[in-house]
Amino acid sequence: MVRFIVHRSITIIIALWLIVTATFIIMHTIPGGPFSRDKRVPPAVLENLTAKYHLDDSYARQYFDYFSGLSRLDFGPSFRYDFSVKDIIVRAFPVSAQLGAVSVVLALILGLGGGIISAYSHNKWPDYLVTFISSLFLSVPSFILASLLIFIFAYKLMWLPPAMWGNWQQIIMPALALSALPAAYISRLARTSILEILQREYVLTARAKGLSRISIFFRHILKNSILSVVTYLGYLIASIFTGSFVVENIFAIPGLGRYFVTSILNRDYTLILGLTVFYAVFLMAMNLLVDIFYLIIDPRIRTIGKE
């Protein structure tokens, strides 16, 4: 286990270096800069701003300076906000994480529930209904679903506030919009896994022994079918927790997604790099935790790697 964690940690460091390097090169290759849109600013002021943020240094110097600060967890100042990139992440991530936690739990409940119903009602109307709903949610983009939810529940029925953040009512629609697609995907994964496991010999033997459906489900089916969902869970948590760019903008939620969009529009180099680094580290950390959890719930994987 320790050897596995050390190996993965080295891989994460190398991958992080490649991601930061590629992002840095792309940002400085595209024409324009963070202050190129300020047409009314005098040239002398632009020159002072460029010197203040060391944008007049060579690309190599900027590159090594950024990694030097990154080693101290210093992401640098934002070019457009009166905060450092680290302060923005500290302020915005809890909002995205709160929305993400609700969305992930909702996706797991709906996805696993739908997959179980669909598998145990194979080729019956509940199976067809769950499959149709899953296909629908997989096909509809989140921004269309978000707009539809606002139209129905905010403007027509007036049950929920259309936007902003602060109370439990304002989290319902964005959580539904974020959880719909992963719930549909989890439902497909769970259905396929359960149908496959239901045909395994140990399940058929358990049925022949007279064990109840509930006992067979919790002892044999759930533990083995959950592995495919766990594999997807790392990416799901990282992508939702760090903020959905579109959904957060539609509902005016002050999370990381909004800052990521504005940083790209404003060519805010340090904020783009900081959020990219944060997202990459969070994603790889979640995948590492999922792999460790995978080893815990299925110890056979350890022996496979030693053969």
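First, a word on scope: everything that follows refers to the structure included in this document. Predicted model, so just to flag it, every value in this text is computed and none were measured.

### Considering empty space enclosed by the protein
Okay, so step 1: In the structure shown here, the tally under the stated rule is two cavities of 30 Å³ or more.
Okay, so step 2: Its boundaries defined by the atoms lining it, the second largest cavity holds a volume of some 30 Å³.
Okay, so step 3: In terms of lining residues, the second largest cavity is bounded by Leu112, Ile116, Ala190, Ile194, Leu222, Ser225, Ile226 and Val229.
Okay, so step 4: Among the elements of the structure, helix H4 (85-120), helix H7 (169-197) and helix H9 (213-241) are those that each provide at least two residues to the lining of the second largest cavity.
Okay, so step 5: The biggest single contributor to the lining of the second largest cavity is H9, with four residues.
Okay, so step 6: Residue composition of the lining of the second largest cavity, by class: seven nonpolar, one polar and no charged.

### What about the packing of H4 against H7?
Okay, so step 1: Running from amino to carboxyl end, H4 crosses H7 at an angle of 35 degrees, the nearest separation of the two axes being 6 Å. The hand of the H4/H7 crossing is right-handed.
Okay, so step 2: Residue composition of the contact of H4 with H7, by class: 21 nonpolar, eight polar and one charged.

### Description of H7
Okay, so step 1: Taking 1.5 Å per residue, 29 residues should reach 42 Å; H7 reaches 40 Å between its end C-alpha atoms and fits that length.
Okay, so step 2: If you look at H7, its biggest bend is around 40 degrees, right at Ser179, and the proline Pro182 turns up within four residues after that.

### Comments concerning a nonpolar patch on the surface
Okay, so step 1: On the surface, Trp125, Tyr128, Leu129, Phe132, Ile133, Leu136 and Phe137 cluster together into a nonpolar patch covering about 760 Å² of accessible area.
Okay, so step 2: Tracing the backbone through its elements, the reader meets Ile133 in helix H5 (residues 125-139).
Okay, so step 3: Residue classification places Ile133 among the partly exposed positions, given a relative accessible area of 35%.

### Concerning the pattern of salt bridges
Okay, so step 1: Scanning the entire structure with this criterion turns up two salt bridges.
Okay, so step 2: With a shortest N-O distance of 3.2 Å, Arg61 and Asp65 are connected by a salt bridge. Of the two residues, Arg61 and Asp65 are both situated in helix H3 (residues 59-70); the distance of four residues between them amounts to about one turn of the helix.
Okay, so step 3: Judged by its relative accessible area of 36%, Asp65 falls in the partly exposed class.
Okay, so step 4: The salt bridge partner of Asp127 is Arg191, with a shortest N-O separation of 3.0 Å. Note that Asp127 is positioned in helix H5 and Arg191 in helix H7, a separation of 64 residues in sequence.
Okay, so step 5: Overall, the relative accessible area of 1% leaves Asp127 in the buried class.

Thresholds applied
Residues numbered from 1 in each chain as written. Predicted model: local features only at pLDDT ≥ 70, side-chain atom pairs only at ≥ 80, totals over all residues. Heavy atoms only, no water. 1 Å grid on protein atoms, 1.4 Å probe; cavity = no way out; pocket = protein on both sides within 12 Å on 5 of 7 lines; lining within 4 Å. Points joined across faces, edges and corners; volume = space filled by probe spheres on them. Helix = DSSP H or I, 4+ residues; strand = E, 2+ residues; numbered from the N terminus. Nonpolar A, V, L, I, M, F, W, Y, C, P; charged D, E, K, R; others polar. Axes fitted to C-alpha atoms, helices over the stretch in contact; angles between N-to-C directions. Left-handed = near helix turned anticlockwise from the far one by under 90°. Expected span 1.5 Å × (residues − 1). Bend = angle between axes of the 7 residues up to and from the residue. Patch = residues over 30% accessible without salt bridge, like charges linked within 9 Å, V, L, I, M, F, W, Y side chains within 5 Å. Areas by Shrake-Rupley, 256 points an atom, 1.4 Å probe, with all protein chains shown as cover. Salt bridge = Lys/Arg side-chain N within 4 Å of Asp/Glu carboxyl O. Buried < 20%, exposed > 50% of the residue type's maximum accessible area, 1.4 Å probe, protein only.

Don't take any of this as a statement about function, it's just geometry.
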